[in-house]
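Reading the structure
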Amino acid sequence: MKTALTIAGSDSSGGAGIQADIKTMMAHRIYAMSAVTALTAQNTTGVTQIFNVSAEFLEKQIDAVFTDIYPDAVKIGMVSEEELIKVIAKRLIYYKAGNIVIDPVMVSTSGARLISENAVAVLRNTLLPLADLITPNIPEAEVLTGKKIEKAEDMEVVAAEIYREFGCSVLLKGGHQIHDANDLLYQKSGIHWFRGKRIENPNTHGTGCTLSSAIASNLAKGKDMEHAVAEAKNYISLALGDMLNLGKGSGPMNHAFAVEGEYKTE
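Read on for an overview of the structure.

Next up on the list: the overall build of the protein chain. When helices and strands are tallied, the protein chain shows 8 helices and 9 strands. What you see for the protein chain is a C-alpha radius of gyration of 17 Å, in line with the 18 Å of a compact globule of 266 residues. The burial tally for the protein chain puts 54% of its 266 residues in the buried class. Across the protein chain, the fraction of contacts at a sequence separation of at least 24, relative to all contacts at a separation of at least 6, is 69%.

Following the criterion strictly, the structure yields 1 cavity of 30 Å³ or more and no others. The space that makes up the largest cavity amounts to roughly 40 Å³. If you trace the largest cavity, you find it lined by Ile76, Gly77, Val79, Ile102, Asp103, Pro104, Val105, Ile115, Leu123 and Leu127. In the lining of the largest cavity, the residues fall into 8 nonpolar, 1 polar and 1 charged.

Let us now look at the packing of aromatic side chains. Evaluation of the coordinates by the stated rule reveals 5 aromatic pairs. With a centroid separation of 5.2 Å and an interplanar angle of 80°, the aromatic rings of Phe66 and Tyr70 are classed as edge-to-face. Since its relative accessible area comes to 39%, Tyr70 is described here as partly exposed. The interplanar angle of 5° and the centroid separation of 4.8 Å between the aromatic rings of Phe66 and Tyr95 together place this pair among those described as stacked. Here Phe66, found in helix H2 (residues 55-66), pairs with Tyr95, found in the loop between helix H3 (82-94) and strand S5 (100-102); they are 29 residues apart in sequence, far enough to count as distant.

Once that is clear, we can look at the sheet that holds strand S8 (residues 183-187). The strand order S3-S2-S1-S4-S5-S6-S7-S8-S9 describes an open sheet built from 9 strands, whose pairing is mixed. Strand pairing shows two members of the sheet lacking a second neighbour, strand S3 (46-52) and strand S9 (190-194), which therefore form its edges. With 5 bridges joining them, S8 and S9 adopt antiparallel strand pairing. Directly across from Leu185, in S9, lies its bridge partner His192.

Among the structural elements, His227 can be located in helix H8 (residues 225-241). Accessibility expressed as a relative area gives 46% for His227, which makes it partly exposed. Measuring from C-alpha to C-alpha, the distance between His227 and Gly249 comes to 33 Å, with 22 residues separating the pair along the chain.

Let us now look at the environment of Ala89. Here Ala89 shows up in helix H3. The residues contacting Ala89, other than those within four sequence positions of it, are Thr126, Leu127 and Leu130.

Summed over the entire model, instances satisfying the criterion amount to 12 salt bridges. Between Lys75 and Asp21 there is a salt bridge, with its nearest N and O atoms 2.9 Å apart. Note that Lys75 is positioned in strand S4 (residues 73-76) and Asp21 in helix H1 (residues 17-27), a separation of 54 residues in sequence. Both residues of the pair, Lys75 and Asp21, count as buried. Here Asp63 makes a salt bridge to Arg91, at a shortest N to O gap of 2.9 Å. In this pair, Asp63 sits in helix H2 while Arg91 sits in helix H3, placing the two residues 28 residues apart along the sequence. The two residues Asp63 and Arg91 agree in class, both being buried. Connected via shared salt-bridge partners are Glu59, Asp63, Lys90 and Arg91.

Reading the values: the criteria
Residues numbered from 1 in each chain as written. Predicted model: local features only at pLDDT ≥ 70, side-chain atom pairs only at ≥ 80, totals over all residues. Heavy atoms only, no water. Helix = DSSP H or I, 4+ residues; strand = E, 2+ residues; numbered from the N terminus. Rg over C-alpha atoms; globule rule 2.2 N^0.38 Å. Buried < 20%, exposed > 50% of the residue type's maximum accessible area, 1.4 Å probe, protein only. Contact = heavy atoms within 4.5 Å. 1 Å grid on protein atoms, 1.4 Å probe; cavity = no way out; pocket = protein on both sides within 12 Å on 5 of 7 lines; lining within 4 Å. Points joined across faces, edges and corners; volume = space filled by probe spheres on them. Nonpolar A, V, L, I, M, F, W, Y, C, P; charged D, E, K, R; others polar. Phe/Tyr/Trp six-rings, centres within 6.5 Å; stacked < 30°, edge-to-face > 60°. Pairing = 2+ DSSP bridges. Salt bridge = Lys/Arg side-chain N within 4 Å of Asp/Glu carboxyl O.

Here's what the structure looks like:
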């Protein structure tokens, strides 16, 4: 069985973060493991508090995973402090981790800031250069480059800049500000647009976490980057299309839309 590790924050409402990652990986028939970077008190209406783990404890979690069940892929989500970012980078280098997908989480769906200003610089200098794929949305790409994105041509310019700076593939997600579901994959072999149909579902909590985890799952299975992204986008479209409606705010999608079977004990 293929394996994957998610390094991210916990979402107490279950729709994003570690919880979304594990659900997504399980739906892809991947054995999921986790290293928690932070505990959050949040629900579909917003984030009320964040409690970061210590760098020492995060390092112990990562060591525990890599020394026992070596992951075929690593997904990295919310990391909000400099020392935590440094520890992740150090241990990924030490264990020669591969298939690293980084979702540079900076702002939640509800608009809450999830990363400190100083941590952004550390992220750029230590962790992002280790990635095989970075999956920023438009606001995050604007933070990384300082450039405004208003149209599809801007997305190509910004994705190229991120690719040149960090030397990895870039999936720039077009769901923010540009009102379509088209995403741009920029990699060494060139660019590829994934044309998507916008699904009229206001419940989009955890979409970024879910997409990056689905891509990591597909990479763990040995799929090339383009197919890994294409299949991940299909998964998230179907999960959104299931039209789960929970919570008072931007609710979660149904990660288990294709999971079937009932189990009974005697």
